[in-house]
Amino acid sequence: MDKGDWVVIFILVINFLVLLSSVFISGLGNGSFSIGSFEGKSVMFLSDTERNINIFEFVVENKKFPGVGEIEPNMPAHPPLYYFLLAPIVIFSNLTNQNVMLMLEISSIIIFFIASIIFWRTLKRINKYIKKDNFVIYSVMVFNFLPTTLASSRLITPDVLFFLLFNLFLYLYIRLIENKSKLYALALGISLVVAFWVWLSVIPLLVA
(Lines give C-alpha, C1' and ligand atoms only; values in the text may rest on other atoms or scores of the structure.)
Protein backbone atom coordinates (compact mmCIF):
# COMPACT_ATOMS: atom_id res chain seq x y z
CA MET A 1 0.00 0.00 0.00
CA ASP A 2 1.17 3.53 -0.74
CA LYS A 3 0.97 6.61 1.48
CA GLY A 4 -2.44 7.56 0.07
CA ASP A 5 -3.89 4.19 1.10
CA TRP A 6 -2.80 4.71 4.70
CA VAL A 7 -4.41 8.16 4.68
CA VAL A 8 -7.68 6.65 3.44
CA ILE A 9 -7.55 3.92 6.08
CA PHE A 10 -7.06 6.63 8.72
CA ILE A 11 -10.10 8.51 7.35
CA LEU A 12 -12.23 5.35 7.41
CA VAL A 13 -11.25 4.49 10.97
CA ILE A 14 -11.90 8.05 12.18
CA ASN A 15 -15.30 8.02 10.47
CA PHE A 16 -16.16 4.67 12.08
CA LEU A 17 -15.16 5.92 15.53
CA VAL A 18 -17.09 9.18 15.05
CA LEU A 19 -20.24 7.23 14.20
CA LEU A 20 -19.85 4.90 17.19
CA SER A 21 -19.21 7.92 19.41
CA SER A 22 -22.38 9.57 18.12
CA VAL A 23 -24.38 6.58 19.43
CA PHE A 24 -22.85 7.04 22.88
CA ILE A 25 -23.28 10.82 22.84
CA SER A 26 -26.94 10.54 21.80
CA GLY A 27 -27.55 8.42 24.90
CA LEU A 28 -25.93 10.78 27.38
CA GLY A 29 -28.22 11.91 30.13
CA ASN A 30 -27.14 13.31 33.51
CA GLY A 31 -23.53 12.54 32.69
CA SER A 32 -23.93 8.85 31.83
CA PHE A 33 -25.26 6.70 29.00
CA SER A 34 -28.97 5.98 29.24
CA ILE A 35 -30.93 3.65 26.94
CA GLY A 36 -34.00 5.80 27.49
CA SER A 37 -32.19 8.95 26.37
CA PHE A 38 -30.67 7.09 23.42
CA GLU A 39 -34.05 5.75 22.26
CA GLY A 40 -35.74 9.13 22.66
CA LYS A 41 -33.18 10.96 20.55
CA SER A 42 -33.04 8.22 17.92
CA VAL A 43 -36.81 8.31 17.47
CA MET A 44 -36.74 12.11 17.37
CA PHE A 45 -33.93 12.58 14.85
CA LEU A 46 -33.86 9.36 12.78
CA SER A 47 -36.85 8.78 10.50
CA ASP A 48 -39.03 5.64 10.61
CA THR A 49 -37.06 4.11 13.49
CA GLU A 50 -40.05 2.82 15.46
CA ARG A 51 -41.93 1.58 12.40
CA ASN A 52 -38.97 -0.37 11.08
CA ILE A 53 -38.25 -1.93 14.47
CA ASN A 54 -41.92 -2.98 14.62
CA ILE A 55 -41.50 -4.62 11.20
CA PHE A 56 -38.41 -6.45 12.46
CA GLU A 57 -40.29 -7.71 15.50
CA PHE A 58 -43.19 -8.84 13.29
CA VAL A 59 -40.82 -10.72 10.95
CA VAL A 60 -39.06 -12.42 13.88
CA GLU A 61 -42.32 -13.41 15.55
CA ASN A 62 -44.34 -14.44 12.49
CA LYS A 63 -41.58 -15.57 10.07
CA LYS A 64 -43.19 -13.50 7.30
CA PHE A 65 -43.31 -9.94 6.02
CA PRO A 66 -46.30 -7.87 7.23
CA GLY A 67 -49.05 -7.00 4.80
CA VAL A 68 -50.52 -3.53 4.47
CA GLY A 69 -52.24 -2.56 7.72
CA GLU A 70 -50.64 -5.27 9.87
CA ILE A 71 -48.14 -2.83 11.41
CA GLU A 72 -49.95 0.46 10.89
CA PRO A 73 -52.77 1.63 8.60
CA ASN A 74 -51.82 2.23 4.96
CA MET A 75 -48.16 1.35 5.59
CA PRO A 76 -46.35 1.70 2.26
CA ALA A 77 -44.76 -1.50 0.99
CA HIS A 78 -41.03 -2.02 1.47
CA PRO A 79 -39.02 -4.79 -0.18
CA PRO A 80 -38.58 -7.42 2.55
CA LEU A 81 -34.97 -8.61 2.25
CA TYR A 82 -33.45 -6.03 4.62
CA TYR A 83 -35.69 -7.17 7.45
CA PHE A 84 -34.98 -10.87 6.90
CA LEU A 85 -31.21 -10.39 6.53
CA LEU A 86 -30.93 -8.41 9.76
CA ALA A 87 -33.55 -10.41 11.67
CA PRO A 88 -30.80 -12.53 13.37
CA ILE A 89 -29.56 -9.33 15.05
CA VAL A 90 -33.02 -8.78 16.52
CA ILE A 91 -33.21 -12.43 17.61
CA PHE A 92 -29.75 -12.18 19.23
CA SER A 93 -30.74 -8.92 20.97
CA ASN A 94 -33.89 -10.49 22.37
CA LEU A 95 -32.10 -13.64 23.54
CA THR A 96 -29.29 -11.72 25.25
CA ASN A 97 -31.52 -8.95 26.61
CA GLN A 98 -29.78 -6.28 24.54
CA ASN A 99 -31.53 -3.16 23.27
CA VAL A 100 -32.79 -3.88 19.75
CA MET A 101 -32.56 -0.27 18.59
CA LEU A 102 -28.97 0.02 19.79
CA MET A 103 -27.90 -3.22 18.11
CA LEU A 104 -29.55 -2.26 14.82
CA GLU A 105 -27.95 1.19 14.78
CA ILE A 106 -24.51 -0.32 15.41
CA SER A 107 -25.22 -2.79 12.59
CA SER A 108 -26.04 0.11 10.28
CA ILE A 109 -22.71 1.75 11.14
CA ILE A 110 -20.86 -1.49 10.34
CA ILE A 111 -22.71 -1.82 7.02
CA PHE A 112 -21.81 1.77 6.15
CA PHE A 113 -18.16 1.08 7.04
CA ILE A 114 -18.08 -1.89 4.66
CA ALA A 115 -19.72 0.26 1.96
CA SER A 116 -16.99 2.88 2.48
CA ILE A 117 -14.28 0.27 1.93
CA ILE A 118 -15.91 -0.89 -1.31
CA PHE A 119 -16.26 2.75 -2.43
CA TRP A 120 -12.56 3.28 -1.76
CA ARG A 121 -11.62 0.25 -3.87
CA THR A 122 -13.88 1.53 -6.67
CA LEU A 123 -12.18 4.92 -6.60
CA LYS A 124 -8.78 3.23 -6.76
CA ARG A 125 -9.77 1.54 -10.02
CA ILE A 126 -11.19 4.77 -11.47
CA ASN A 127 -8.04 6.67 -10.55
CA LYS A 128 -6.00 4.34 -12.76
CA TYR A 129 -7.54 6.17 -15.73
CA ILE A 130 -7.84 9.79 -14.58
CA LYS A 131 -4.54 9.81 -12.62
CA LYS A 132 -5.39 12.79 -10.39
CA ASP A 133 -3.29 13.39 -7.29
CA ASN A 134 -5.28 12.92 -4.05
CA PHE A 135 -8.47 12.19 -6.02
CA VAL A 136 -9.16 9.08 -3.92
CA ILE A 137 -8.38 10.76 -0.60
CA TYR A 138 -10.62 13.77 -1.21
CA SER A 139 -13.45 11.65 -2.60
CA VAL A 140 -13.42 9.28 0.38
CA MET A 141 -13.30 12.23 2.75
CA VAL A 142 -16.33 13.88 1.14
CA PHE A 143 -18.20 10.57 0.93
CA ASN A 144 -17.67 9.79 4.61
CA PHE A 145 -18.15 13.19 6.20
CA LEU A 146 -21.04 14.77 4.31
CA PRO A 147 -23.78 15.48 6.89
CA THR A 148 -26.29 13.45 4.87
CA THR A 149 -24.13 10.31 4.83
CA LEU A 150 -23.18 10.74 8.48
CA ALA A 151 -26.86 10.88 9.41
CA SER A 152 -28.01 8.08 7.11
CA SER A 153 -25.31 5.72 8.36
CA ARG A 154 -27.19 5.34 11.65
CA LEU A 155 -30.64 4.88 10.18
CA ILE A 156 -32.61 1.72 10.84
CA THR A 157 -33.94 1.49 7.31
CA PRO A 158 -33.40 -0.49 4.08
CA ASP A 159 -31.54 2.56 2.69
CA VAL A 160 -28.44 1.56 4.66
CA LEU A 161 -28.16 -1.90 3.11
CA PHE A 162 -28.99 -0.46 -0.31
CA PHE A 163 -26.08 1.97 0.22
CA LEU A 164 -23.77 -1.05 0.51
CA LEU A 165 -25.25 -2.82 -2.51
CA PHE A 166 -25.08 0.35 -4.62
CA ASN A 167 -21.36 0.65 -3.91
CA LEU A 168 -20.90 -3.02 -4.72
CA PHE A 169 -22.76 -2.41 -7.99
CA LEU A 170 -20.39 0.45 -8.89
CA TYR A 171 -17.34 -1.67 -8.14
CA LEU A 172 -18.58 -4.63 -10.19
CA TYR A 173 -19.61 -2.31 -13.02
CA ILE A 174 -16.08 -0.89 -13.24
CA ARG A 175 -14.62 -4.40 -13.18
CA LEU A 176 -17.00 -5.48 -15.96
CA ILE A 177 -15.94 -2.52 -18.11
CA GLU A 178 -12.28 -3.42 -17.56
CA ASN A 179 -12.73 -7.14 -18.08
CA LYS A 180 -15.65 -8.40 -20.16
CA SER A 181 -15.95 -11.45 -17.94
CA LYS A 182 -19.14 -13.50 -17.61
CA LEU A 183 -18.31 -13.88 -13.94
CA TYR A 184 -18.43 -10.11 -13.36
CA ALA A 185 -21.61 -9.84 -15.44
CA LEU A 186 -23.24 -12.54 -13.30
CA ALA A 187 -22.05 -10.92 -10.05
CA LEU A 188 -23.34 -7.54 -11.25
CA GLY A 189 -26.74 -9.05 -12.03
CA ILE A 190 -26.94 -10.77 -8.66
CA SER A 191 -26.06 -7.55 -6.83
CA LEU A 192 -28.85 -5.70 -8.65
CA VAL A 193 -31.40 -8.45 -7.93
CA VAL A 194 -30.50 -8.45 -4.23
CA ALA A 195 -30.62 -4.64 -4.18
CA PHE A 196 -34.08 -4.74 -5.76
CA TRP A 197 -35.33 -6.87 -2.85
CA VAL A 198 -33.87 -4.33 -0.41
CA TRP A 199 -34.99 -0.97 -1.84
CA LEU A 200 -36.91 0.08 -4.93
CA SER A 201 -34.38 2.84 -5.67
CA VAL A 202 -32.53 0.21 -7.67
CA ILE A 203 -34.99 0.76 -10.55
CA PRO A 204 -33.05 3.79 -11.94
CA LEU A 205 -29.91 1.62 -11.87
CA LEU A 206 -31.67 -1.04 -13.92
CA VAL A 207 -32.75 1.59 -16.44
CA ALA A 208 -29.18 2.93 -16.63
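Residues numbered from 1 in each chain as written. Predicted model: local features only at pLDDT ≥ 70, side-chain atom pairs only at ≥ 80, totals over all residues. Heavy atoms only, no water.

S.K.: Now, about the overall build of the protein: what can you tell me, with residues and values included?
M.R.: Along its length, the protein carries 11 helices and 2 strands. The helix and strand sequence of the protein, counted from the amino end, reads α-β-β-α-α-α-α-α-α-α-α-α-α. The dimensions of the protein, computed from C-alpha atoms along their principal axes, are 50 × 40 × 30 Å. Taken across its 208 residues, the protein has 42% of its residues classed as buried. (Helix = DSSP H or I, 4+ residues; strand = E, 2+ residues; numbered from the N terminus. Buried < 20%, exposed > 50% of the residue type's maximum accessible area, 1.4 Å probe, protein only.)

S.K.: Please set out the pattern of salt bridges residue by residue, giving values where relevant.
M.R.: A full pass over the atoms with the stated rule returns 6 salt bridges. Here Glu 178 ties to Arg 175 by a salt bridge, and the two come within 3.6 Å at their closest N and O atoms. Highlighted residues: Glu 178 and Arg 175, both in helix α9 (residues 158-178), separated by 3 residues, approximately one helical turn. Given a relative accessible area of 26%, Glu 178 falls into the partly exposed group. Owing to a relative accessible area of 17%, Arg 175 belongs among the buried residues under this scheme. (Salt bridge = Lys/Arg side-chain N within 4 Å of Asp/Glu carboxyl O.)

S.K.: Account for the confidence of the model for the protein, naming residues and giving values.
M.R.: Summarising the model, the protein shows a mean pLDDT of 87, and 97% of its residues fall at 70 or more. The least confident element of the protein, judged by mean pLDDT, is helix α11 (residues 202-207) at 75; the most confident is helix α5 (residues 87-95) at 94. (pLDDT = per-residue confidence, 0-100.)

S.K.: Describe unusual backbone geometry, naming the residues involved and giving the relevant values.
M.R.: The general pattern is negative phi for most residues beyond glycine and trans for most peptide bonds. Even without glycine at this site, Lys 63 takes up a positive phi of about 60°. Within the secondary structure, Lys 63 is located in the loop between α3 (49-62) and α4 (81-85). Lys 63 sits in the exposed class, given a relative accessible area of 66%. Of note, Asn 134 is a non-glycine position whose phi angle comes to about 65°, a positive value. Here Asn 134 is to be found in the loop between α6 (100-130) and α7 (135-145).

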